[in-house]
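One-letter residues, chain by chain:
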Amino acid sequence: MSSCSTQNLRRSSRLGTKQYQLKPEPTEQPKRNGSTSGSADIGERPTKRRRRNANAKDDSGSCMPGKGSRRKKSLSMLPDMPLDILYEIFAHLHPYDLLHLTRTTKPLRVLLMNRSATTVWKRARENVPGLPDCPPDLSEPAFANLAFDPHCHFCIKARVWTVMWTLRVRCCKTCLKDSTAVVTLGEVFRALPRYNPLKTKAMLPIEYLNDSLYCLTADLNKLLELLDACNHDKDAFEALATERTNAAKMQKESGIELEAWRLAEISRRKEEKTTLTLRRRIQILQRLSDSGYAEELKYVPDDLYERFTEKAVVNQPKEITDRIWNNIKESMLLWAEEVRTHYLMWRRSAHYINRLSMMSQGLVDIFEAHPFPQIVPSVADLSWHIPFYRDLMEKDRDVAVTLEDLVPENMGPFLEGLVILWRVDMAQRLYPLIPAEARPTPEQFECTCGHHRSGSGAETSAGGSAAVASRYDLSTMLKASTTWFRCTVEGCLLDFPRILTHECAKRAPPLNLHPQTQEDDLRNAYNLALGEAPWNFAGDAITYDMEAHRATQNILRLVLEDADKEPWKTDKFALDDLDKRFVCGECSADGMLCVMPWRVAVEHLTSDEHAGNDVTLTVLNEADRTWVVDQEPELSQDMIIDVWKMWGCVECRSSVMTLNDILEHMVDDHDMAFPQVGVDYHLHPDAATFGDAPASEMYYPEGMFTTSILR
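Looking at an unreviewed UniProt entry, one finds the protein named F-box domain-containing protein and attributed to Lentinus brumalis.

A few words now on the overall build of the protein. The helix and strand inventory of the protein stands at 27 helices and 14 strands. Out of the 711 residues belonging to the protein, those deemed buried represent 39%. Of the contacts made within the protein by residues no fewer than 6 positions apart, 64% connect residues no fewer than 24 positions apart. About 42100 Å² of surface is accessible on the protein, with carbon and sulfur atoms providing 51% of the total.

Let's shift gears to the sheet that holds strand β5 (residues 212-216). Pairing within the open sheet is antiparallel, and its three strands lie in the order β3-β5-β4. Because the sheet does not close on itself, it has two edges, and the strands there are β3 (182-184) and β4 (207-209). The sheet shows a mean angle of 40° between the axes of neighbouring strands, taken without regard to direction. One ladder, built from three bridges, connects β3 with β5; its direction is antiparallel. Paired with Val182 across the bridge in β5 is Leu216.

It is worth spelling out the nonpolar core at this point. Of all hydrophobic cores here, the largest spans 53 residues; its most connected members are Tyr389, Leu430, Ile499, Leu500 and Ile542. Mapped by element, the contributors of at least two residues to this core are α14 (322-362), α16 (379-385), α17 (387-393), α19 (415-430), α20 (474-478), β6 (485-487), α21 (518-530) and β8 (542-544). The element best represented in this core is α19, accounting for seven residues. Apart from the residues lying within four places of it in its own chain, the contact partners of Ile499 are Leu430, Phe485, Leu494, Trp535 and Ile542. Of all hydrophobic cores here, the second largest spans 27 residues; its members include Leu111, Ala124, Leu138 and Phe143.

This model, assessed by the stated rule, comprises 16 aromatic pairs. Aromatic side chains Tyr343 and Trp346 sit 6.2 Å apart centroid to centroid with 25° between the ring planes, which places their arrangement in the stacked category. With a gap of three residues between them, Tyr343 and Trp346 both fall in helix α14, about one helical turn apart. We classify Trp346 as partly exposed; its relative accessible area is 28%. Through successive ring pairs, a cluster of aromatic residues spans Phe148, Trp165 and Trp261. The ring of Trp384 has Arg390 sitting right over it, with the charged end atom 3.5 Å from the ring centre.

Positionally, Val650 belongs in the loop between β12 (647-649) and α27 (659-670). Once the C-alpha coordinates of Val650 and Leu683 are considered, the two residues, 33 residues apart in sequence, prove to be 9.4 Å apart. Here Val650 is in contact with Phe372, Val679, Asp680, Tyr681 and His682, once residues within four sequence places are set aside.

So, on to the packing of helix α4 (residues 95-102) against helix α7 (residues 140-148). Contact geometry for α4 and α7: axes closest at 9 Å, N-to-C directions at 115°. Taken together, the axes of α4 and α7 lie roughly perpendicular to each other. As α4 runs across α7, the sense of the crossing is left-handed. The residues of α7 that touch α4, namely those facing Pro95, Tyr96 and Leu99, are Pro141, Ala144, Asn145 and Phe148. Taken together, the residues of the contact of α4 with α7 sort by class into six nonpolar, one polar and no charged.

Right, let's talk about the sheet that holds strand β7 (residues 493-494) for a bit. Adjacent strands of a sheet pair through backbone hydrogen bonds, lying either parallel or antiparallel. Spatially, the three strands line up as an open sheet ordered β7-β6-β8, and their pairing is antiparallel. At either end of the open sheet lies a strand with only one pairing partner, and these are β7 and β8. Relative to β8, β6 runs antiparallel, the two sharing three bridges. The partner of Phe485 across the bridge, within β8, is Tyr544.

This part is about the confidence of the model for the protein. Mean pLDDT for the protein: 84, with 83% of residues reaching 70 or above. Confidence drops under a pLDDT of 50 for residues 1-43, and excluding neighbours within four residues, the segment shows 18 contacts in the predicted structure. The low-confidence segment residues 449-471 (pLDDT under 50) makes 39 contacts with residues lying over four places distant or belonging to another chain.

Let us now look at the pairing of β5. Of the pairings in the sheet, the one linking β4 to β5 comprises three bridges and is antiparallel in character. Bridge pairing in β5 links Glu207 to Tyr214.

Attention now moves to the packing of helix α12 (residues 234-293) against α14. Across the interface, α12 lies against α14 with an axial gap of 10 Å and an inter-helix angle of 65°. One finds that α12 runs roughly perpendicular with respect to α14. For α12 against α14, the interelement crossing comes out right-handed. For the pair α12 and α14, contact is made by Arg280, Ile284, Leu285, Arg287, Leu288, Ser291, Gly292 and Tyr293 and by Asp322, Ile324, Trp325, Ile328, Met332, Leu333, Trp335, Ala336, Glu337 and Arg340, respectively. Among the residues forming the contact of α12 with α14, the class breakdown is eleven nonpolar, two polar and five charged.

This part takes up the pairing of strand β9 (residues 581-589). The buried count for β9 comes to seven of nine residues, which makes it a mostly enclosed element. Sheet topology note: the β9/strand β10 (residues 592-597) ladder contains five bridges and is antiparallel. Bridge pairing in β10 places Val583 opposite Val595. Between β9 and the antiparallel strand that follows it, β10, lie two residues; Asp590 among them carries a positive phi value of about 55°. Sheet analysis places β9 next to strand β11 (residues 617-619), joined by three bridges and oriented antiparallel. In the strand pairing of β11, Cys584 is matched with Leu617.

As a further point, take the pattern of salt bridges. Where side chains of opposite charge bring their charged atoms close, a pairing between them can arise. Overall, the coordinates contain 32 salt bridges when judged by the stated rule. A salt bridge links Arg268 to Glu265; the shortest N-O distance between them is 2.5 Å. Of this pair, Arg268 and Glu265 are both found in helix α12, three residues apart, which corresponds to roughly one turn of the helix. You can call Arg268 partly exposed: its relative accessible area is 36%. Ionic pairing is found between Arg550 and Glu547, a salt bridge with its closest N-O pair at 3.7 Å.

Turning to its location among the elements, Thr166 is positioned in the loop between β1 (163-164) and β2 (169-170). If sequence neighbours within four positions are ignored, Thr166 has contacts with Pro205, Ile206, Glu207, Gln251, Lys252 and Gly255.

Moving on, we come to α12. Spanning 60 residues, α12 covers 84 Å between terminal C-alpha atoms, matching the ideal 88 Å at 1.5 Å per step. Between the side-chain oxygen of the N-cap and the backbone nitrogen of Asp235 there are 3.2 Å, and the N-cap of α12 in question is Asp233.

Here we take up the state of the cysteines. What the rule picks out here adds up to zero disulfides. Not engaged in a disulfide, the cysteine Cys172 finds its nearest cysteine sulfur in Cys175; these two sulfurs lie 3.5 Å apart. A relative accessible area of 6% means that Cys172 is categorised as buried. Cysteine Cys594 shares no disulfide, and the gap to the nearest cysteine sulfur, in Cys587, comes to 5.0 Å. Its relative accessible area of 0% is what places Cys594 among the buried residues.

Structurally, Trp627 can be placed in helix α25 (residues 622-635). According to the relative accessible area criterion, Trp627 is partly exposed, its value standing at 24%. Other than its neighbours up to four places away in sequence, Trp627 contacts Tyr700, Met704 and Phe705.

About the criteria used
- Residues numbered from 1 in each chain as written.
- Predicted model: local features only at pLDDT ≥ 70, side-chain atom pairs only at ≥ 80, totals over all residues.
- Heavy atoms only, no water.
- Helix = DSSP H or I, 4+ residues; strand = E, 2+ residues; numbered from the N terminus.
- Buried < 20%, exposed > 50% of the residue type's maximum accessible area, 1.4 Å probe, protein only.
- Contact = heavy atoms within 4.5 Å.
- Areas by Shrake-Rupley, 256 points an atom, 1.4 Å probe, with all protein chains shown as cover.
- Pairing = 2+ DSSP bridges.
- Axes fitted to C-alpha atoms, helices over the stretch in contact; angles between N-to-C directions.
- Core = buried A, V, L, I, M, F, W, Y, C linked by side-chain atoms within 4.5 Å.
- Phe/Tyr/Trp six-rings, centres within 6.5 Å; stacked < 30°, edge-to-face > 60°.
- Lys NZ or Arg CZ within 6 Å of the ring centre and 35° of its normal.
- Parallel < 35°, antiparallel > 145°, perpendicular 65-115°, else oblique.
- Left-handed = near helix turned anticlockwise from the far one by under 90°.
- Nonpolar A, V, L, I, M, F, W, Y, C, P; charged D, E, K, R; others polar.
- pLDDT = per-residue confidence, 0-100.
- Salt bridge = Lys/Arg side-chain N within 4 Å of Asp/Glu carboxyl O.
- Expected span 1.5 Å × (residues − 1).
- Polar contact = N/O pair within 3.5 Å; in protein donor to acceptor, adjacent residues only side chain to side chain.
- Disulfide = S-S within 2.5 Å.

Set out below in C-alpha cells:
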C-alpha cells in the first residue's frame, strides 16, 4: 500500500496494516525540510497530519468548522427575517419578555422601539389577563417597564415591588427620602408661595403612600416653569390649570385601576400557588399509597399531617415529577413509617376508643342535669372509677360492646347515683393522702367511710361503734381550712373541691407509640378519644402539702382566738367570709407594703423563698382593709384579663382560661361576639380566685396605712 493511500485510511486501520522495515543507513544527512538526496522513502514512517484548529479561518476569513467543534449560536441574523414573521413571533411573548428582548442588541432595540412595532406591544399586552389598557401619557414599552420590571426608576435598584401608579414610577425606600426624586406635599406648598396652594396642588399627580402624599420632583419643577411662563396672565393660568388638573385626574384614575389589577394579580398568583401546592401534596400522598401505605394514610392524625404540610419539600407550588420524587422519596418514606407506627398503635386501642366514644354519646344526660360549673365526673372518670363501666371497658377486644350495654334504657334514675358514688370515691381517695399529724385525733373525728375510726386508732369494721365527741364526714375534713393539696405536674396549690376539676390531675398521658400491654392501649385510648385521662390516673399527680397546712394554722392564730383547739373545724369558706388582708413583713420594702388575702398568704408562705422560714404576717385593721378592698378591683383588672385563669365555657365545659382566652374561644368556636357572663361563660371551679379577691400579692404605698407592720 502506498504512502498516499495509507493517509486516506483511518488511523486505527492505518496502524494495523502498516509494516515497518529496517531503514538502511543513509549515505548523507537529510535536509530540515524533509527532502533527501538519493534515498527512497520506502519503509519510512509517514509524517503525522497536523490537527486542524476548530476556529481556523478559510481564505475569506469565515470560520471553518473542524471535527468536534461547536458552532457558536447567535441571534444576529434575527432582525434580517421578514417583519411580518418577526411580529407574529413577538406577539406571543409576555410584555416583560419583549422588554428583555429589546435590551439584548441594538438592532432588536431599533426594531421594537419603532413606532411601527406598537401593535406588537399591544398584542403582547393582551397575553396578560385583566391588564388595563396603556395609559395615554405612557408609551407601550414604558408601560411594560412600569408594570413588570421591578427596579427603582431613580437608582436602578432591583427588587422594588412598590409601584407609584399615579406618578408612573417605582421608587425604593432610599429614593423615597431623596428630594431630588420625590417630594412630600408640604414641600410642594413651600415651593409655591406665590400661587394658590390648593389650586396648584390639583395640577400635580399625587400618590398616597405610607401615610404621606408624594409627587415627583420633576413634575413640580415642570409645573413651576409653566407657571412662570404664564407671567401672571389670568387666562393663561386658568387654561394651564384646566389642562394640568385634567391630566392629574386622568393619571389618578388610571392609577386606581392599575392598583386594583395589581392586587387582583397578587390574589390570583396566591390562589394559583395554593392550588399547585395542594396538587403536589395529593401527588405525594398518591405515590406513598402506591408504595404500600394506602391503608395507613386513611388515618393520619392532625399533628402528623401538619408536619407533612410544613415540610419544605411538600409545601412548594410545583408538581411532582419522577426526578423530584426520587430526590424526596427517602424523607417521605420516613414520614410514612411514622404514620404506620401511629396507625398500628391506633388499631391496638380501637376497641377502647369505640367504647369511650359511645359513652360520651350516651352519658350527656349527666351533664344536662348538672350544668356548668357544677362539679361532675367526666367520661374518663366514669369509665375508670365506676366499677360497672370499668368492667365493660376491660372486656376483650373481640367482645362487642354496644351503646345499650353502656347506657341501658333503665339507667336514667341511676345517673344521679353515679355522680354521688364518684364524689364519695374521690373523697375516699383523697383522705389517705392526709398525714396522720394533719388529721384530727380519733376522739374528735369519725370517718363514715371506714378509713378512720375512734377508739384505739386502728381501723374497725363499718358496723363497729365507739363513743366519740363529734361525728364528721370526709367532706368536712377535706373542706377544712388547713387541708391543702398540691399537684406534682406544675406545683399548683389546691383545696377541695377545686382539686377534683384541676387540669393537671386530668391531663392526658403522652402517646405510647410502641404499646406492649393493655394498660398502654387504654392510656392511648384516653388520649385519642377524650384528650384527657381519669382524675389522678397514674396515682402520682396529687400530694398533700404539709407546709400549707402549717401556714394556715399560723393564719388562723392571727384571726381566731381558739384556733389551736380544733383548727380543722374552721372551713375555708369561713375565712373567705372574714375577708382579712395580710402584710408580709419580709417582702415589704422601699416604702411599699406586700398585701394579700388569706388564700394568697398561704401560697406566699409556702413559696420557695419563704418555705420553712419564720415569716411575720400582720393583719390589717378594719379601716386599712376596707381601703385595700376598694382599690383591688381597679388594680387587678389587667391581671384578670390576661393572667389569672378564672373562666370556663358553659357549653363545652372547657378547662379554665383567662378572660381574653375565653372571649376568643366564644368567637372562634361558638361564633359569639358578645357572650354573657353567667350564661355563656362562667367562673370555673378550678379558678385561681373567686369574687373580687386578687389571686396574687398587691403592693401599696406604706404611707396609706395606719396599721403597725411587724417586720
